[in-house]
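Topology and contacts: notes
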Amino acid sequence: MSTFIQQLINGITLGSVYALISLGYTMVYGIIKLINFAHGDIFMVGAYIAYLSVTYLKLGLIPSLIVSMGFCSILGMLIEKFAYKPLRNSPRISALITAIGVSLLLENLMQIIMGADSRVFPRLVAEKNYHLFQGRIVVNNKQIYLLIITVLLMIILNFVVKKTKIGKAMRAVSQDMDAARLMGINVDTTISYTFAIGSALAAAAGVLVGLYYNTINPLMGVLPGLKAFIAAVFGGIGIIPGAMLGGFSLGIIETLVSGYGSSMYKDAVAFALLILILIIKPSGLLGKNIKEKV
Amino acid sequence: MKKRLLVYSAFIIVLYLIITLLMKIGIIDDYIKLNLFLIMLNIILAVSLNLINGITGQFSLGHAGFMAIGAYTTAVLTTLEKPVPFYLTVLIGGLFAMICGLIIGLPVLRLRGDYLAIATLGFGEIIRVIIQNIDYLGGASGISDIPQGIDWTGYFVITVLSVVVILNIINSSFGRAMIAIREDEIAAEAMGINTTLYKVLAFMIGAFFAGVAGSIYSGSFGFIQPDMFNFFKSIDILVIVVLGGLGSISGSIISAIVLTIISALLQDYPAVRMVLYSLILIIIMLFRPQGLMGTKEIRLSKLIPIGGEKNA
């Protein structure tokens, strides 16, 4: 039982990272129906920006988190402007191929700039383990930081989407882009903001992963990116609570698989989960079925 | 029609003889020969992926998985105590990949567009993870010392055969049905085309040739490991297909040749190569989404003036 709870805690930690990344996926997909393949690499860039600002500017955890989120939201907006916007009326496959291209570009530019090897992420917080229930369950203070920051960001996002003008515009555009335009919403700006917010969340996830695992490398975004997408589909892509649900579920499932089965199979299980959900309930756990228009 | 066949056969034989001659007199050394092999491998892979992605319009990102199946089949069967003849293993590898294509294709091909892309990507990765976890297959370190079973002639014959078979499929009624599905799936279904059948068929045939390419890869390079067949390998093949033109077989062949030469020149700088590849993908999609050739084909018979070709 105590191992189960321990795995659950580790799973929630991992899941919060997935949830943060998949929020960006789901927001972008909800608005322009594009699987932003480069999203996982923005996560990686976020980790590197934090690494640089900690190493060279000697910033602490929160300032470097903010710097990295700011940088990545600009990066996200630039990518949208130069790579995705010209393709808004092209077939979705063209946009997907471009997104794959952007993803490869970020990965390999980072390899050229920073080298292909892994780097040690500086220790920003002194490590401390809390032993609960006579030491049978160990909770790391980094896990607590991770969860607190994640939940805080989610609350802020929820506020932005529900209460602010830009959030209202985002919801309107994702409902019906043309109708929103007719109602006087600037669709291009709204899409830009969506990319900015999504990328900032991915950057935050990148910093937290760097903090948690102490190591970063240019390809670190590939697998988490794909898994966050799986999480978004799992919960119902385009639905913000779905992304959170999917992220936490996937994190927990993965740690349980590596805890009780083999850690080698955890990636395969994630993909199998994706295929299963696509076949059984393509709209995801929280999604409603919508017939494809002819 | 017969004349056209004659021209093509003559061209292929002359090409074969010239390259063989160049090898005999040593102008083509081992290094160039190696790249020649890679070019032919990429031709098979790109042409077979183009049948799925370009002709049938079903976006697949798991081609490397099928290649892995072929590669491992050959590696296992030729290193047994009583080794199976190499060319038989190529056939078995291809068929095995084809069966996997059927198993994967049936459920997955109900999905469309980008969901299909992600699902096939997932299957490609699942195949790789499973191979990696089977100790008999060497785990992550792979299989080495696979006996060399194929030479230049074998390579050439298999490549030509693959291209000819796929071209014939495209020009048959099967191919027409596949193109109809690409153009408009719902309309094709309304016209009485069994879309599931043709989509799965295209997927299986593509998988077969990817398996064949994997088999000859193990039979010529002698060493394989699961990481060679990861997601990035699938992207490599995709870049070739997209550059050449989704739907153009001659485009795939030309871009396989060009990109293999480019990547051979850049082999000391893998990151630069990938930056180039990613820029190719982005720029092509922004300025010429149909690829360099679009769906057009270069016809040899049009390049060589011969009488009686106008109606061909």
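Each value, and the rule that gives it
- Residues numbered from 1 in each chain as written.
- Chains lettered and ligands numbered in written order.
- Predicted model: local features only at pLDDT ≥ 70, side-chain atom pairs only at ≥ 80, totals over all residues.
- Heavy atoms only, no water.
- UniProt positions renumbered as here; feature names shortened; annotations may be inferred.
- Helix = DSSP H or I, 4+ residues; strand = E, 2+ residues; numbered from the N terminus.
- Rg over C-alpha atoms; globule rule 2.2 N^0.38 Å.
- Buried < 20%, exposed > 50% of the residue type's maximum accessible area, 1.4 Å probe, protein only.
- Contact = heavy atoms within 4.5 Å.
- Pairing = 2+ DSSP bridges.
- Axes fitted to C-alpha atoms, helices over the stretch in contact; angles between N-to-C directions.
- Parallel < 35°, antiparallel > 145°, perpendicular 65-115°, else oblique.
- Left-handed = near helix turned anticlockwise from the far one by under 90°.
- Nonpolar A, V, L, I, M, F, W, Y, C, P; charged D, E, K, R; others polar.
- Phe/Tyr/Trp six-rings, centres within 6.5 Å; stacked < 30°, edge-to-face > 60°.
- Salt bridge = Lys/Arg side-chain N within 4 Å of Asp/Glu carboxyl O.
- Core = buried A, V, L, I, M, F, W, Y, C linked by side-chain atoms within 4.5 Å.
- Polar contact = N/O pair within 3.5 Å; in protein donor to acceptor, adjacent residues only side chain to side chain.
- Patch = residues over 30% accessible without salt bridge, like charges linked within 9 Å, V, L, I, M, F, W, Y side chains within 5 Å.
- Areas by Shrake-Rupley, 256 points an atom, 1.4 Å probe, with all protein chains shown as cover.
- Expected span 1.5 Å × (residues − 1).

Looking at an unreviewed UniProt entry, one finds chain B named ABC transporter, with Caldicellulosiruptor diazotrophicus as its source organism.

Under the annotation held in an unreviewed UniProt entry, chain A carries the name Branched-chain amino acid ABC transporter permease and is attributed to Caldicellulosiruptor diazotrophicus. Recorded in UniProt for chain A, the comment headed Subcellular location (unreviewed entry) runs: "Cell membrane". Taken from UniProt, the Sequence similarities (unreviewed entry) comment for chain A reads in full: "Belongs to the binding-protein-dependent transport system permease family. LivHM subfamily."

Check the secondary structure of chain B and you find 13 helices and zero strands. Listing every helix and strand of chain B by position from the N terminus yields α-α-α-α-α-α-α-α-α-α-α-α-α. Relative to its length of 312 residues, chain B is compact, with a C-alpha radius of gyration of 19 Å against a globular reference of 20 Å. For chain B, the spread of C-alpha atoms along the three principal axes comes to 55 × 50 × 40 Å. A buried classification covers 57% of the 312 residues belonging to chain B. Contacts spanning at least 24 positions in sequence make up 80% of the contacts within chain B whose residues lie at least 6 apart.

Next up on the list: the pairing of strand β3 (residues 137–140) of chain A. All names here are of chain A. The pairing of strand β2 (residues 129–132) with β3 spans four bridges and is classified as antiparallel. Pairing of H131 across the sheet is with V138, part of β3. Remark: four residues form the turn of the hairpin made by β2 and β3, two consecutive strands paired antiparallel; F133 in that turn has positive phi of roughly 50°.

Moving on, we get to the packing of helix α2 (residues 39–56) of chain A against helix α4 (residues 92–114) of chain A. Relative orientation and spacing of two packed helices are given, respectively, by the angle between their axes and the distance between those axes. All names here are of chain A. The contact between α2 and α4 brings their axes to 9 Å, and the two run at 25°. Relative to α4, α2 is oriented roughly parallel. As α2 runs across α4, the sense of the crossing is left-handed. Judged by residue contacts, D41, I42, M44, V45, Y48, Y51 and L52 of α2 engage S103, L106, E107, M110 and M114 from α4. Across the contact of α2 with α4, the residue classes break down as nine nonpolar, one polar and two charged.

The full count for this structure, using the stated rule, is 17 aromatic pairs over all chains. Ring geometry for A:Y212 and A:Y213: centres 4.9 Å apart, planes at 75°, overall edge-to-face. Here the aromatic rings of B:F86 and B:Y87 are separated by 5.1 Å at their centres, their planes lie at 80°, and the arrangement is edge-to-face. Looking at B:Y87, the relative accessible area reads 42%, which means it is partly exposed.

Further remarks concern the interface of chain A and chain B. Between chain A and chain B, the residue contacts involve 42 residues of the former and 40 residues of the latter. Summed over the shared surface of chain A and chain B, the number is zero salt bridges. Listed by contribution, the elements that provide at least two residues to the side of chain A that touches chain B are α3 (61–84), α4, α9 (222–235) and α11 (266–280) of chain A. With 16 residues, the top contributor of residues to the side of chain A that touches chain B is α4(A). By residue class, the composition of the side of chain A that touches chain B is 32 nonpolar, six polar and four charged.

Residues A:F37, A:Y84, B:L61, B:F66, B:I216 and B:I224 are the most contacted members of the largest nonpolar core, which totals 196 residues. When sequence neighbours within four positions are dropped, the list of residues in contact with A:F37 reads A:Y25, A:L96, A:A99, A:I100, A:S103, A:L226, B:L61, B:I118, B:L121 and B:F231.

Time to look at the UniProt feature "transmembrane region" (unreviewed entry) in chain A. Residues and elements named next belong to chain A. The sites that UniProt annotates as "transmembrane region" (unreviewed entry) are residues 12–35, 95–114, 144–161, 191–213, 228–256 and 268–287. Annotation note: span residues 144–161, helix share 100%, strand share 0%, distance between end C-alpha atoms 26 Å. The distance from the first to the last C-alpha atom of residues 268–287 is 24 Å, and the span holds 65% helix and 0% strand.

Residues and elements named next belong to chain B. Within the sequence span of helix α7 (residues 173–183), burial applies to G175, A177, M178, I179 and I181. Tucked into the core, α7 has its buried residues touching α2 (30–55), α6 (152–170), α8 (185–190) and α9 (195–221). A distance of 3.2 Å separates the backbone nitrogen of F174 from a side-chain oxygen at the start of α7, and that oxygen is part of S172.

With that out of the way, let us pick up a nonpolar patch on the surface. There is a patch of nonpolar side chains on the surface, built from A:M264, A:Y265, B:L80, B:I130, B:I134 and B:Y136 and spanning about 550 Å² of accessible area. Considering the arrangement of structural elements, one finds A:Y265 in the loop between α10 (240–260) and α11. Taking relative accessible area as the criterion, A:Y265 reaches 31% and is therefore assigned partly exposed.

This next bit is on the pattern of salt bridges. Residue and element names in this part refer to chain A. In this structure the tally under the stated criterion is 11 salt bridges over all chains. Residue E80 is joined to R88 by a salt bridge in which the shortest nitrogen-to-oxygen separation is 2.3 Å. Classification of E80 by relative accessible area gives buried; the value is 2%. Residue D188 is joined to R88 by a salt bridge in which the shortest nitrogen-to-oxygen separation is 2.6 Å. Residue D188 is located in helix α8 (residues 187–213), and its partner R88 is located in the loop between α3 and α4; the two are separated by 100 residues in the primary sequence. The exposure class of D188 is partly exposed, given its relative accessible area of 33%. Using a relative accessible area of 23% as the deciding quantity, one classes R88 as partly exposed. Look at the salt bridges and you will find they share partners, linking E80, K85, R88 and D188 into a network.

This brings us to α8(A). All names here are of chain A. Over its 27 residues, α8 extends 39 Å from the first C-alpha to the last, a length consistent with the 39 Å expected when each residue adds 1.5 Å. For α8, the tally of buried residues reaches 21 of 27 residues, placing the bulk of the element in the interior. By the N-cap criterion, in which a side-chain oxygen at the helix start approaches the backbone nitrogen of a residue two or three places on, α8 is capped by N186, the distance to D188 being 3.3 Å. Phi turns positive, to about 65°, at N214, one or two residues after α8.

Another point: the packing of α9(A) against α11(A). Residues and elements named next belong to chain A. Packing of α9 against α11 brings their axes to within 10 Å, and their N-to-C directions diverge by 30°. Classified by the interaxial angle, the pair formed by α9 and α11 is roughly parallel. As for how α9 packs across α11, the hand of that crossing is left-handed. Note on element contacts: α11 touches α9 through K266, D267, A270, F271, L273, L274, I277 and L278, opposite L223, L226, K227, F229, I230, V233 and F234. In the contact of α9 with α11, the residues fall into 12 nonpolar, no polar and three charged.

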